[in-house]
Structures are given as structure tokens and as C-alpha cells.
Amino acid sequence: MSQAPKTAASETGPLGVAAADGILPVQAIRALISAGALKAAQPLDPGQLQPASVDLRLGPRAYRVRASFLPGPGGQVASKLADLKLHEFDIENGAVLETGCVYVVPLLESLNLPQAIAASANPKSSTGRLDVFTRVIADGVSAFDLVPAGYRGPLYAEICPQTFPIVVRKGSKLTQLRFRHGDPRETDDGLLALHASQTLVSGVGSDADIQDGIALSVDLAGDGLIGYRAKRHTGVVDVDAPGSCAIADYWEPVKADAQRRLILDPDQFYILASKEAVHIPPTHAAEMMPFNPLVGEFRVHYAGFMDPGFGHSAAGGTGSRVVLEVRSHTVPFILEDGQIVGRLVYERMMDVPEMLYGRDLGSHYQAQGLKLSKHFR
């Protein structure tokens, strides 16, 4: 049973020592594990720890539920499942999750956080590029993907495939968790200074659009391939089988037109790319924030976390674009080349991580341009 947050000194880090505000690097996440603040029902898998996050694994049982839900203050997910589940089934050795259905799966990882440490979750890059809408739920919360400081209890994944039916199993990794101490978000003035010294986005010189983050725009120029549109009524995608699906069976190519624009069809899913190359220096992590719906009725980029070292030259990432997962809602919407589609928020690391995205991990998406998930060949 989950419990209320513990009382602890708010100025201490994961091992009880003084800590500056920041995102916890991999070495501090290891310290959380050693201290029992991050628990696992079975030993961690190789590669489960990332430079500034940990991948979360599905447990052996899944629940099909009537609708998405939050437990709310004082509520428990398990109690909600008992009321809302349509059926429960085993995914130990693999099971299909159908499109348009909502599933909840208890995770193998649970938390016993210090009072000074909070956490947030986001889909992994490959999950977002499959148009799998997934969020993490904790007991007693009123928001998805947010775990309050001092939380003690289980974690659950809500999973809703939108375009492709998927095969998952115990141990599948669809989401990732990032830990933070205090408020490490970089100010606009800090971003201006960082961009001047590190060049956070390419092609904009000193005139980067910085206002509550750095603006990113969509690339619809050129005379060739600018994106992909997902097909309907496809076969399944096994989330644990890289290179198992032929691109032509699941995607239609989107070519540039003379007007450099793209009409988004309602409820169709697109993969596009940013016009800017992005750089996340080792001292920072970043997150793609939801697009302002007042500017256009579409959503960009389910998978928001970007680890230290993404696009970093020393880690082999020069020229890394952000792949944009785009979906229009309700009405057709015209995207123009260079239109702003989101903003990157940078957060300071508590310390430089012992490993960086790309250089130390063989990361699939380092130095990427327009690129589908690793499942397609």
C-alpha cells in the first residue's frame, strides 16, 4: 500500500548529502537504487539506466479498462481497477494490445522517494513514434506522469495504442522516469547565455526564439521525402523486435510540394522532422513541451525527454534533428514550412552524467534526420 510522503531534510540529495537543484544523473539514480528509493521486482536489465532517466518495465498482468482515469487525492489505482476493469489477462509471454482500447499494467518498478526528490515520466522515443499513447499513474495523484516528492508506492502504465496494434510482454519498456531535486528549469536569460556559448539550435544564430523555452519549427522544404503518414488496418508491431516490420506495410511517404505546406488530415498520424538541429549539452537535459492549442488544433511529440549528449558533437550527434510525432484533431490543419510546432525546455543537471546519449549507449536516434522508430526496416 502506498503511504504519505516521508519527512526528510529538503536540502538533501538521494544519499542524504547536500544537493543543488537539478535533474539526477545516472550515478545518482544508481544511488537511489542502492538506498531503496527505486525498487524493482526483479534485477534491472542491461541498458535500462539512461544518462538522466530509467526505463520502466511492464509487469506480468494487464487490465483492459472502460476508460482512462486518475485515482485522485487519497485514491489507489488498484481500487479503481477493481471497479473499472473489463477483464484481466496475462502478458508474461506476450499479448496483443488493440487500437482504441485503454489498458493499465502494473510496473515492475516502485518508489520510496526521499522528501526532496520528485519524478516525472514520458513515453520512450520508440513508443511515441508508434503512436502509442502511454502515461504513468501513481496512487493519490491528480495528474498523469507526475510523481510527488516523497512518494511511496507502486507505479502503473496506462497504454492506449492509437494507430498500430502492438505486442507487449513482461519486461517491455514503453516509458521512462526522470528524477529531479528542486526546480532546475533554465531561465530565458540562462538559455540565451547557453545558446551563445553552446549553440543549442542550428541555423538561427543569435536570433533563437527563446520564450519559456526554445522554439522548434517543422521542415517541409525540399523536393523529396519530408515525412510519413501511418497506414490504417496494419499488422501488429512487436515493441521488443527492432527491424521486424517493413516500412511499406505500415507507412505512406509524404513528399514536399511546391507550396511547402502539408494539410494534416483529422486523426491521421504523421512523422515529420524539425528544421533545426538540436544540441543538449552534458550539463543539461531537455523536454519537448506540449504545443499551445490556441495556435492550432494538433499535437506534436509524445516522447518529450531528451538526454544529455543528444546532438552533442563529442558524442557523435552533430546535426541531430527532432523527430516530430504529429496528429491533428477534429479539423484539417495546414502546416507551413518553418511553422513553430513546439518548444524545448532545458533543465540543469545536478551533475554531468557518467555516460552520455549516443557516445556511451550506441543510441538508435543520435545524429538522426527524419527517422521512423527502430521497429521498421
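Coordinates for the structure precede this section.
Let us look at the structure shown here.

## Here we look at the sheet that holds strand S17 (residues 237–238)
- The strand order across the open sheet built from three strands is S7-S13-S17, with neighbouring strands paired in mixed fashion. The open sheet has two edge strands with one neighbour each: strand S7 (95–97) and S17.
- Bridge analysis of S7 against strand S13 (residues 166–168) gives three bridges, and the strand direction is antiparallel. In the strand pairing of S13, Leu97 is matched with Ile166.

## Details of unusual backbone geometry
- With a phi close to 60°, Asp131 is a non-glycine residue in the positive phi region.
- Residue Thr199 is not a glycine yet carries a positive backbone phi of 55°.
- The exposure class assigned to Thr199 is partly exposed, which follows from its relative accessible area of 45%.

## Quick word on helix H4 (residues 188–198)
- Looking only at H4, the buried set comprises Gly190, Leu191, Leu194 and His195. Viewed end-on, H4 has its buried residues packed into an arc of 130°, placing them on one side of the element. Exposed positions of H4 whose direction lies more than 90 degrees from the buried face are Asp189, Ala196 and Ser197.
- On its buried face, H4 is in contact with strand S15 (214–217), strand S21 (284–289) and strand S26 (340–348).
- Two residues or fewer after H4 comes Thr199, characterised by a positive phi angle close to 55°.

## Quick notes on helix H2 (residues 77–84)
- Taken together, the buried positions of H2 are Val77, Leu81 and Leu84. Angularly, the buried residues of H2 cover 80° about the axis, an arc narrow enough to put them on a single face. Projecting away from the buried face of H2 at angles above 90 degrees are the exposed residues Ala82 and Asp83.
- Against strand S5 (61–65), strand S6 (85–90), strand S8 (102–112), strand S10 (132–138) and strand S12 (152–161) lie the buried residues of H2.

## With respect to the sheet that holds strand S23 (residues 305–306)
- An order of S15-S26-S21-S23 is seen for the four strands of this open sheet, with the pairing classed as antiparallel. Each edge of the open sheet carries a strand with a single partner, namely S15 and S23.
- With two bridges connecting them, S21 and S23 associate as antiparallel partners. In the sheet register, Ala286 faces S23, and the bridge partner there is Met306.

## So, the side chain of His284
- Locating His284 in the fold gives a position in strand S21.
- Residue His284 is classed as buried on the basis of its relative accessible area of 6%.
- Only 2.8 Å separates the side chain of His284 from the side chain of Thr283, close enough to count as a polar contact.
- Apart from the residues lying within four places of it in its own chain, the contact partners of His284 are Glu186, Leu194, Pro308, Tyr346, Glu347, Arg348 and Met349.

## Some remarks on the pairing of S15
- The side-chain alternation of S15 yields two buried faces, one formed by Ile214 and Leu216 and the other by Ala215 and Ser217.
- Looking at chain direction, S15 and S26 are connected through four bridges and run antiparallel. Looking at the pairing, Ser217 lines up with Ile340 of S26.

## A short note on the packing of aromatic side chains
- Across all of its chains, the model carries eight aromatic pairs by this definition.
- A ring pair is formed by Phe164 and Tyr250, whose centres lie 5.4 Å apart and whose planes are at 85°; its orientation type is edge-to-face. Of this pair, Phe164 sits in the loop between S12 and S13 while Tyr250 sits in helix H5 (residues 247–250), and the two are 86 residues apart along the sequence. In terms of burial, Phe164 and Tyr250 fall into one category: buried.
- Seen in terms of ring centroids, Tyr250 and Phe376 are 5.4 Å apart; in terms of plane orientation they differ by 65°. Their pairing is edge-to-face. Within this pair, whereas Tyr250 is found in helix H5, its partner Phe376 is found in the segment after S26, the two being separated by 126 residues in sequence.
- Classification of Tyr250 by relative accessible area gives buried; the value is 8%.
- Every member of this aromatic cluster is reached through a ring pair, and the members are Phe164, Tyr228, Tyr250, Trp251, Phe269 and Phe376.
- In this structure, Arg135 is placed above the aromatic ring of Phe144, and the distance from its NZ or CZ to the ring centre is 3.5 Å.
- Over the ring of Phe305 we find Arg178; its NZ or CZ atom is 4.2 Å from the centre of that ring.

## Observations regarding the nonpolar core
- In terms of nonpolar packing, the biggest core is built from 66 residues, with Leu155, Phe179 and Trp251 touching the most fellow members.
- Looking at which element gives the most residues to this core, the answer is S8, with six residues.
- Leaving out residues up to four positions away in the same chain, Phe179 has contacts with Gly22, Ile23, Leu24, Ile29, Leu32, Leu38, Val54, Leu111, Leu113, Ile117, Ala118 and Ala119.
- Ranked by size, the runner-up nonpolar core spans 32 residues in total, among them Ala208, Val254, Val322 and Tyr346.

Thresholds applied
Residues numbered from 1 in each chain as written. Predicted model: local features only at pLDDT ≥ 70, side-chain atom pairs only at ≥ 80, totals over all residues. Heavy atoms only, no water. Pairing = 2+ DSSP bridges. Helix = DSSP H or I, 4+ residues; strand = E, 2+ residues; numbered from the N terminus. Buried < 20%, exposed > 50% of the residue type's maximum accessible area, 1.4 Å probe, protein only. Arc of directions from axis to C-beta. Contact = heavy atoms within 4.5 Å. Polar contact = N/O pair within 3.5 Å; in protein donor to acceptor, adjacent residues only side chain to side chain. Phe/Tyr/Trp six-rings, centres within 6.5 Å; stacked < 30°, edge-to-face > 60°. Lys NZ or Arg CZ within 6 Å of the ring centre and 35° of its normal. Core = buried A, V, L, I, M, F, W, Y, C linked by side-chain atoms within 4.5 Å.

In short, shape yes, function no, at least from these values alone.
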